[in-house]
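Observations on the three-dimensional arrangement
Each chain is listed here by its residues.
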Amino acid sequence: MSAGTTPTGEHPGRTDDRAHATGTVPGADRTMRLGRELAALLRAGDLVLLSGELGAGKTTLTRGIGEGLGVRSAVASPTFVISRVHPSLGDGPALVHVDAYRLAGGLEEMEDLDLDLALPESVVVVEWGEGKVEELSESRLLVRLERPTGGEGGGPADGGTDWSALDGDAPRVVTLTGVGPRWAGVDLAALLEPADG
Ligand SMILES: Nc1ncnc2c1ncn2[C@@H]1O[C@H](COP(=O)(O)OP(=O)(O)OP(=O)(O)O)[C@@H](O)[C@H]1O
Ligand SMILES: [Mg+2]
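The sections below set out a description of the structure shown in this document. Being a predicted model, the structure only gives us computed values, none of them experimental. (Residues numbered from 1 in each chain as written. Chains lettered and ligands numbered in written order. Predicted model: local features only at pLDDT ≥ 70, side-chain atom pairs only at ≥ 80, totals over all residues.)

**Points about the site of ligand 1**
- By nearness alone, 19 residues border ligand 1, and Ala28, Gly57, Lys58, Thr59 and Thr60 come closest of all.
- Contributing elements (two or more residues each) for the shell around ligand 1: helix 1 (28–41) and helix 2 (58–69).
- Residue classes in the shell around ligand 1 are distributed as six nonpolar, eight polar and five charged. (Near = placed C-beta within 6 Å. Helix = DSSP H or I, 4+ residues; strand = E, 2+ residues; numbered from the N terminus. Nonpolar A, V, L, I, M, F, W, Y, C, P; charged D, E, K, R; others polar.)

This is the structure we're talking about:
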């Protein structure tokens, strides 16, 4: 049950409100499933920040969360829209899906999204939200998706390098960090245990 759990804190004895787990997620289907399983833990007022490079799987995970929450309309990759509300089909919380990629600033820049008003009744998932929306809540779940890269990714110097083909299907390394009282004692490692079959 505790596989993959890493105690945080370089200061032994200090209890900070952090839950932490890391695991490998092979394939987009597993990313979806992680989202669905994560959704079972989520409730209104939860703030989830997704980080990871372009194409890491943030929207895929959000799609799984949307499925798990049972919300209306499929989660998509926002193109021009930076925020979309998916109301629940039942009596669960709505999913507010924000893509903050184009936003350099923090919450001030997203003022008109009224995320603070939406949060108490919704699960708010923010792609590229790290460092931008933390003030919304004292607790947050940070999901980092990492795509192992072969090289340093300095850029397609010879031209014509298809980055999407390079590591597109490589399993993602996912790190879940729960910050704040909401996540204290939550078994995040269970979400990242390998599939039984
Ligand atoms: N665990 C995984 N292993 C392999 N491929 C995956 C995994 N999860 C997602 N993918 C694939 O990665 C690609 C990019 O996914 P997605 O659009 O969700 O990324 P993103 O992080 O939202 O990108 P962006 O930064 O552009 O918003 C998709 O083709 C998806 O199927
Ligand atoms: Mg995306």
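**A word on unusual backbone geometry**
- Even without being glycine, Ser73 reaches a positive phi, approximately 60°.
- Position of Ser73 among the secondary structure elements: in the loop between helix 2 and strand 3 (83–86).
- Residue class for Ser73 comes out exposed when judged on the 12 C-beta atoms lying within 10 Å of it. (Buried ≥ 20, exposed ≤ 12 C-beta atoms within 10 Å, placed from the backbone.)

**Here's the deal with helix 2**
- The end-to-end C-alpha distance of helix 2, which contains 12 residues, comes to 16 Å, matching closely the 16 Å that a straight helix rising 1.5 Å per residue would cover.
- Of all 12 residues in helix 2, 11 are buried; the element is thus mostly enclosed.
- Regarding helix 2, the residues found buried are Lys58, Thr59, Thr60, Leu61, Thr62, Arg63, Gly64, Ile65, Gly66, Gly68 and Leu69.
- If you follow the buried residues of helix 2, they end up packed against helix 1, strand 2 (47–51), strand 3, strand 4 (94–99), strand 5 (122–127) and strand 6 (140–146).
- Of the residues one or two after helix 2, Gly70 is the one with positive phi, at around 70°. (Expected span 1.5 Å × (residues − 1). Contact = placed C-beta atoms within 7 Å.)

**A few points about the pairing of strand 2**
- Of all five residues in strand 2, four are buried; the element is thus mostly enclosed.
- Alignment of strand 2 against strand 6, held across four bridges, turns out to be parallel. Following the sheet pairing, Leu49 is matched in strand 6 by Leu142. (Pairing = 2+ DSSP bridges.)

**Quick word on the sheet that holds strand 3**
- As summarised here, the arrangement of the seven strands in space is 1-7-6-2-5-4-3, forming an open sheet in which the pairing is mixed. The open sheet has two edge strands with one neighbour each: strand 1 (18–25) and strand 3. When the angles between neighbouring strand axes are averaged without regard to direction, this sheet yields 15°.
- Against the sheet, helix 2 contacts strand 2, strand 3, strand 4, strand 5 and strand 6, and its axis sits at roughly 170° relative to strand 5. (Axes fitted to C-alpha atoms, helices over the stretch in contact; angles between N-to-C directions.)

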